[in-house]
Amino acid sequence: MSHHLMNLKEIQGYELGAQDGKIGRCKDFLFDDRNWAIRYIVADTRKWLPGRKVLISPISIGTIDIANKTLNVGRTKEQIENSPPLDSDAPVSRQYETVFNQYYDWGNYWQGGLIWGVHPYPRLLLRNDTIRAKEEPPQVETNLRSVDEVIGYTLETSDGGLGHIEDLLVEEETWVIRYLVIDTSNWLPGSRKVIIVPEWVDNLDWAGSSAVVKLTSDQIKNCPEYDDSTPLSRKYEKVLHDFYGLPYYW
């Protein structure tokens, strides 16, 4: 598969196109903070389904039409409307996720050792031979967090704060967050930006609105600068991973 990283802030606001018409816009993303994968797109469907939190899974995302700023959802409006309802302010529980997957006849992403259950890519969970829960779901909490909330968090190193999270870069094929874009302009001169890998995040402090990382300020200061005006190249990724001494994820 081709390698393409998407800026999540750019995708926010994209239209969501069902098989038989538009259903709203992309409002937010919910990601699993254990492995930094986007599990759901939260749709803004207030004009169509007011009072409901409508979730779209990457399992059902077909093509991403960048030219027309549209995410194409491989479901009909009726299927989406009849999906298990969730109040607009309600959290997404593991119990709800299980019912949601059973409705669409999908496998569960948490059953198996890979990012998407027994598969590396979400769309493979469309297959009918994937593992499904026949028993009651385990009584565990989901670790779903809002991208909209995380953007703006302060980055805290071992020796102080040095910027804030400006964006997240997600891999189109897997919907895994590969990088956090850090704006250091309030700490370093100029408008310098850097990117770090989620593996370096030690803790997301929801109460303190900060991301605590296992890095020093010097490491951030000396790492390769990120230019958000050009697509991220594999060559730059290799330089970045070598700088941090990380194995390549690809």
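My aim in this report is to walk through the structure given alongside it, one point at a time. (Residues numbered from 1 in each chain as written. Predicted model: local features only at pLDDT ≥ 70, side-chain atom pairs only at ≥ 80, totals over all residues. Heavy atoms only, no water.)

Describing the overall build of the chain
- Each helix and strand in the chain was counted, giving 6 helices and 14 strands.
- Over its C-alpha trace the chain gives a radius of gyration of 19 Å, about what one expects of a compact globule, namely 18 Å for 250 residues.
- Its C-alpha atoms put the chain at 50 × 40 × 35 Å along the principal axes.
- A total of 250 residues make up the chain; the buried ones form 50% of that total.
- Looking at the chain alone, contacts between residues at least 24 apart form 56% of all its contacts between residues at least 6 apart.
- Only carbon and sulfur atoms are counted for the fraction: they give 47% of the accessible area of the chain, which is about 12100 Å².
- Distance between charge centres in the chain, computed from 27 positive and 37 negative side chains, equals 4 Å. (Helix = DSSP H or I, 4+ residues; strand = E, 2+ residues; numbered from the N terminus. Rg over C-alpha atoms; globule rule 2.2 N^0.38 Å. Buried < 20%, exposed > 50% of the residue type's maximum accessible area, 1.4 Å probe, protein only. Contact = heavy atoms within 4.5 Å. Areas by Shrake-Rupley, 256 points an atom, 1.4 Å probe, with all protein chains shown as cover. Lys, Arg positive; Asp, Glu negative; His and termini not counted. Charge placed at Lys NZ, Arg CZ, Asp CG, Glu CD.)

What to know about unusual backbone geometry
- Even without a glycine there, the phi angle at Trp36 is positive, about 60°.
- Take Trp36: it is sitting in the loop between β3 (21-32) and β4 (37-44).
- The class of Trp36 is buried, set by a relative accessible area of 8%.
- In this structure, Lys69 is a non-glycine residue whose phi angle is positive, near 50°.
- Considering the arrangement of structural elements, one finds Lys69 in the loop between β6 (61-65) and β7 (70-73).

Observations regarding the environment of Val197
- Positionally, Val197 belongs in the loop between β12 (193-196) and β13 (201-205).
- Classification of Val197 by relative accessible area gives buried; the value is 3%.
- Considered as a pair, Val197 and Arg75 are 122 residues apart in the sequence and their alpha carbons are 33 Å apart.
- Apart from residues no more than four positions distant in its own chain, Val197 is found in contact with Arg178, Tyr179, His241 and Leu246.

Observations regarding the side chain of Arg192
- Inspection of the secondary structure puts Arg192 in the loop between β11 (177-183) and β12.
- Given a relative accessible area of 15%, Arg192 falls into the buried group.
- If sequence neighbours within four positions are ignored, Arg192 has contacts with Ile182, Asp183, Thr184, Ser185, Ile220, Lys221, Asn222, Cys223, Pro224 and Glu225.

Here we look at the environment of Gly21
- Position of Gly21 among the secondary structure elements: in strand β3.
- Exposure remark for Gly21: the relative accessible area of 26% places this residue in the partly exposed category.
- Sequence-wise, Gly21 and Val73 are 52 residues apart; in three dimensions their C-alpha atoms are separated by 9.9 Å.
- For Gly21, the residues in contact, after removing those within four places along its chain, are Leu16 and Lys77.

Some thoughts on the side chain of Thr174
- Considering the arrangement of structural elements, one finds Thr174 in the loop between β10 (160-171) and β11.
- Taking the relative accessible area as the measure of exposure, Thr174 reaches 9% and is therefore buried.
- For Thr174, the side chain forms a polar contact with the side chain of Glu171, separated by 2.8 Å.
- Of note is the side chain of Thr174, whose polar atom sits 3.3 Å from the backbone nitrogen of Val176.
- Excluding anything up to four places from it in sequence, Thr174 contacts Trp116, Pro120, Tyr121 and Pro122. (Polar contact = N/O pair within 3.5 Å; in protein donor to acceptor, adjacent residues only side chain to side chain.)

Re the pairing of β11
- Across the 7 residues that make up β11, a large majority, 7, are buried.
- Bridging between β10 and β11 involves 6 bridges; their strand directions are antiparallel. When the sheet's bridge partners are listed, Leu169 is paired in β11 with Tyr179.
- Joining the antiparallel neighbours β10 and β11 is a turn of 5 residues, in which Trp175 adopts a positive phi near 60°. (Pairing = 2+ DSSP bridges.)

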